[in-house]
Amino acid sequence: MEKDIQCSVRPMVEIDGTKIKRIREEKGFTQLYVATVVGVTTDTISRWENRKYPAIKRENGLKLAEALEVDLELIMDRLEGEKAARDEFGEEGEAIRPDKKLVSRYL
């Protein structure tokens, strides 16, 4: 009988508040608009932008990216995004399974 392999999804993502604010302002979105789409308060959006909460729930990160009309990776903290890529693909760009066995080469 085969075991079900579940990919672990990080429940939290680290975001770059400076990028979030820049993108929001470039698109002419208010904090109220973004907060409404994400389902949080304007105070929360302000805290994210001012890096009071550098890590947020992945679900909220996805909603935030949707509100800003960008991919989640664009608003993630660059170092966190690189760490996530290393976790998924290994140090040398090789895709790995949860059991750490090499399954394919990342090109």
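For the structure itself, look to the data block above.
What you are looking at is a predicted structure, and each value in this text was computed from that prediction instead of being measured. (Residues numbered from 1 in each chain as written. Predicted model: local features only at pLDDT ≥ 70, side-chain atom pairs only at ≥ 80, totals over all residues. Heavy atoms only, no water.)

Q: Outline the packing of helix α2 (residues 31–38) against helix α3 (residues 42–49), listing residues and values.
A: Contact geometry for α2 and α3: axes closest at 8 Å, N-to-C directions at 105 degrees. By the angle class used here, α2 and α3 are roughly perpendicular. Of the residues in α3, those touching α2 at Q31, L32, V34, A35 and V38 are T42, I45, S46, W48 and E49. When grouped by side-chain class, the residues that make up the contact of α2 with α3 number 6 nonpolar, 3 polar and 1 charged. (Axes fitted to C-alpha atoms, helices over the stretch in contact; angles between N-to-C directions. Helix = DSSP H or I, 4+ residues; strand = E, 2+ residues; numbered from the N terminus. Parallel < 35°, antiparallel > 145°, perpendicular 65-115°, else oblique. Contact = heavy atoms within 4.5 Å. Nonpolar A, V, L, I, M, F, W, Y, C, P; charged D, E, K, R; others polar.)

Q: An account of the pattern of salt bridges is requested, with residue identities and associated values reported.
A: Close approach of charged atoms allows side chains of opposite charge to pair. Taken as a whole, this structure holds 7 salt bridges when the rule is applied. Three or more residues are tied together by salt bridges with common partners; here these are D16, R51 and D77. (Salt bridge = Lys/Arg side-chain N within 4 Å of Asp/Glu carboxyl O.)

Q: I'd like a description of the environment of I75, backed by residues and values.
A: Structurally, the position occupied by I75 is in helix α5 (residues 72–75). When the C-alpha atoms of I75 and L64 are compared, they prove to be 8.8 Å apart, with 11 residues separating the residues in sequence. Ignoring any residue separated from it by four or fewer positions in sequence, one finds I75 in contact with I15, D16, I20, I23, G61, L64, A65, L68 and V70.

Q: Give a description of the packing of aromatic side chains that names residues and reports values.
A: Using the criterion set out here, one finds 1 aromatic pair in the structure. Between F29 and Y33, the aromatic rings sit 4.9 Å apart at their centres with planes inclined by 40 degrees, giving tilted as the arrangement. (Phe/Tyr/Trp six-rings, centres within 6.5 Å; stacked < 30°, edge-to-face > 60°.)

Q: Just give me the short version of the nonpolar core, but keep the residues and values in it.
A: Membership of the largest hydrophobic core comes to 19 residues, with the highest contact counts inside it found for V34, W48, L64, L68 and I75. Of all the elements in the fold, those that place two or more residues in this core are α1 (17–26), α2, α3, α4 (58–68) and α5. When residues in this core are grouped by element, the largest group, 4 residues, is from α4. For L64, the residues in contact, after removing those within four places along its chain, are I20, V34, V38, W48, I56 and I75. (Core = buried A, V, L, I, M, F, W, Y, C linked by side-chain atoms within 4.5 Å. Buried < 20%, exposed > 50% of the residue type's maximum accessible area, 1.4 Å probe, protein only.)

Q: Help me get a handle on the environment of R51, residues and values and all.
A: With respect to the helices and strands, the residue R51 is situated in the loop between α3 and β2 (55–57). The exposure class of R51 is partly exposed, given its relative accessible area of 40%. In this structure, the C-alpha to C-alpha distance between R51 and E14, residues 37 residues apart in sequence, is 9.9 Å. In contact with R51, other than residues within four places in its own chain, are I15, D16, G17, T18 and D77. A polar atom in the side chain of R51 sits 3.3 Å from the side chain of D77. (Polar contact = N/O pair within 3.5 Å; in protein donor to acceptor, adjacent residues only side chain to side chain.)

Q: Describe in detail α1, supporting the description with residues and values.
A: Considered for burial, the residues of α1 that qualify are G17, I20, I23 and R24. Buried positions in α1, seen along its axis, are confined to an arc of 130 degrees and lie on one side of it. Residues of α1 that are exposed and point more than 90 degrees away from the buried face comprise T18 and E26. Elements in contact with the buried residues of α1: α2, α3, α4 and α5. Of the residues that open α1, the one with a side-chain oxygen 3.0 Å from the backbone nitrogen of T18 is D16. (Arc of directions from axis to C-beta.)

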